[in-house]
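Letter by letter, the chains look like this.
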Amino acid sequence: MLAGSFSAKAYSFFDTLLWIACLNLLWMVFSLAGLGVLGAGPATAAAQVMVRRRVRGEAAPLFRSFAREYGRNFGRGNALALPILLAGAALALNWNYFSRSGDLLSQLLAAGTFVAAIFLVAVACHLFPMFARYELPLPQYLLMSSRFALRHLAGTAILLFVTAVALFASQALPGLIPFFSVGAWLYVTGWLCDRFFTANDESVTGSAGEPAAGATIPVAMVGAPLA
């Protein structure tokens, strides 16, 4: 029995590892298909839809489903990603400018830029998993992911830690990037966000008619492919 249980767990682990490697490859290929800037958003949206399906135990051909979701969410994925990318570029430029100056005001502005960049990463960690789970008006995703990141600081800290580990591992072992880095980050953050959102939804629906203080109210669950 123990041997069988170990074999099943080993099979599940390596199957997930292979799935993550395939997801990583698909994300890179479809991001390049959109010339990077216009491909990363829809590729991330498609990846998080695939992660959510796998977390729920749904079996689907990865390549075909990924390609369908990429095309279906090309416009919406870019509408979500481009503001994040533009904000990140602006923060990077500000950081480079202020951090080179030695005066106190510039150093304070550099510190503020750094804090803003951390918050932007926190929002990005929540954004596409929220897109894969809820059907919201498009402008609401950025607002709700920002509110969720601020109101659920423990979960946000975990997501930031996972992101930092992924970046450190990719810098220490660049060979991971073509095979696991992005796919592993997408899978782990999607898996974690799914649990955070589930716990939040249960706290909302389990309350006696009134939403829990600080809870993000779910609008509609997305169980089928996104429209």
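Refer to the preceding data block for the structure.
Quantities reported herein were computed from a predicted structural model and do not represent experimental measurements.

## A look at the overall build of the chain
- For the chain, the count of helices and strands is eight helices and zero strands.
- Ordered by position in the sequence, the α and β elements of the chain form the string α-α-α-α-α-α-α-α.
- Among the 227 residues that make up the chain, the fraction classed as buried is 38%.
- Nonlocal contacts in the chain, meaning residues at least 24 apart in sequence, comprise 73% of its contacts between residues at least 6 apart.
- If you sum the accessible surface of the chain, you get close to 12300 Å²; carbon and sulfur atoms cover 74% of it.

## What to know about a nonpolar patch on the surface
- Taken together, the side chains of Val37, Leu38, Phe74 and Leu85 present a nonpolar region at the surface, about 330 Å² in accessible area.
- Here leucine 38 is to be found in the loop between helix H1 (2-33) and helix H2 (40-55).
- The partly exposed category is assigned to leucine 38, whose relative accessible area is 40%.

## Comments concerning the nonpolar core
- Judged by nonpolar contacts, the single largest core of 23 residues is most densely connected at Met130 and Tyr141.
- The contacts of methionine 130, once residues within four sequence positions are left out, are Leu136, Tyr141, Met144, Ser145, Phe148 and Phe197.
- Counting residues in hydrophobic clusters, the runner-up holds 19 residues, among them Ile20, Leu26, Ala40 and Tyr70.

## Here we look at the packing of aromatic side chains
- All told, the structure shown has 11 aromatic pairs when counted by the stated rule.
- Each ring, one from phenylalanine 13 and one from phenylalanine 14, has its centre 5.2 Å from the other, and the planes form 75°; the classification is edge-to-face.
- On the accessibility criterion, phenylalanine 13 (48% relative accessible area) is partly exposed.
- Connected via pairs of aromatic rings, a cluster forms that spans Phe30, Phe63, Phe66, Tyr70 and Phe74.

## Details of H2
- Counted at 1.5 Å a residue, the expected span for H2 with its 16 residues is 22 Å, and the 22 Å between its end C-alpha atoms agrees.
- Of all 16 residues that make up H2, 14 are buried, and the element is covered over most of its length.
- Once H2 ends, the next one or two residues include glycine 57, with phi positive near 85°.

## Focus: the pattern of salt bridges
- One pass over the structure, following the stated rule, counts nine salt bridges.
- Arginine 54 serves as the salt-bridge partner of aspartate 15, at 2.8 Å between the closest nitrogen and oxygen. Taken together, the residues aspartate 15 in helix H1 and arginine 54 in helix H2 connect sequence positions 39 residues apart.
- A salt bridge links glutamate 69 to arginine 53; the shortest N-O distance between them is 3.0 Å.

## A closer look at the packing of helix H5 (residues 104-133) against helix H8 (residues 177-205)
- Packing of H5 against H8 leaves a shortest axis separation of 9 Å and a crossing angle of 65°. Of the possible angle classes, the one that applies to H5 and H8 is roughly perpendicular. In this structure, the crossing between H5 and H8 has a hand that is right-handed. Across the interface between the two elements, Cys125, His126, Pro129, Met130 and Arg133 of H5 pack against Trp185, Thr189, Gly190, Cys193, Asp194, Phe197, Thr198 and Asp201 of H8.
- Taken together, the residues of the contact of H5 with H8 break down into six nonpolar, four polar and three charged.

Criteria and thresholds
Every chain's residues receive numbers from 1 upward, in the order its sequence appears when written. Thresholds applied to this predicted model are a pLDDT of at least 70 for local features of residues and 80 or more for the giving and counting of side-chain atom pairs; totals over whole chains, interfaces and linings are not thresholded and use all residues. Side-chain numbers come from the whole structure's heavy atoms, not from hydrogens or water. Helix numbering and strand numbering both begin at the N terminus, where a helix is a DSSP run of H or I of at least 4 residues and a strand a DSSP run of E of at least 2. Per-residue accessibility, obtained with a 1.4 Å probe over protein chains only, is compared with the maximum for each type, and a residue is labelled buried under 20%, exposed over 50%, and partly exposed between these values. By definition, residues are in contact when any of their heavy atoms lie within 4.5 Å. In short, Shrake-Rupley with a 1.4 Å probe defines the accessible areas, and a residue's cover is counted only from the protein chains shown. A patch is a set of surface residues, each over 30% in relative accessible area and not in a salt bridge, joined within 9 Å for like charges and within 5 Å for the nonpolar side chains Val, Leu, Ile, Met, Phe, Trp and Tyr. Every case where a carboxyl oxygen of Asp or Glu lies within 4 Å of a side-chain nitrogen of Lys or Arg is listed as a salt bridge. Here, nonpolar core refers to any group of buried Ala, Val, Leu, Ile, Met, Phe, Trp, Tyr and Cys residues whose side-chain atoms link them within 4.5 Å. Centres within 6.5 Å are what make two rings of Phe, Tyr or Trp a pair, Trp counting through its six-membered ring; a difference in plane orientation under 30 degrees is then read as stacked, over 60 as edge-to-face, and the rest as tilted. Any helix carries an expected span of 1.5 Å times its number of residues minus one. Here an axis means a line fitted to C-alpha atoms, over the contact stretch when the element is a helix, while the angle between two N-to-C directions is reported on a 0 to 180 degree scale. Roughly parallel covers angles under 35 degrees, roughly antiparallel covers those over 145, roughly perpendicular covers 65 to 115, and oblique covers all other angles. Definitions for this section: a left-handed crossing has its near helix turned counterclockwise from the far helix by less than a right angle. A right-handed crossing has that turn clockwise. Each residue is assigned to one class: nonpolar for Ala, Val, Leu, Ile, Met, Phe, Trp, Tyr, Cys and Pro, charged for Asp, Glu, Lys and Arg, and polar for all the others, Gly among them.

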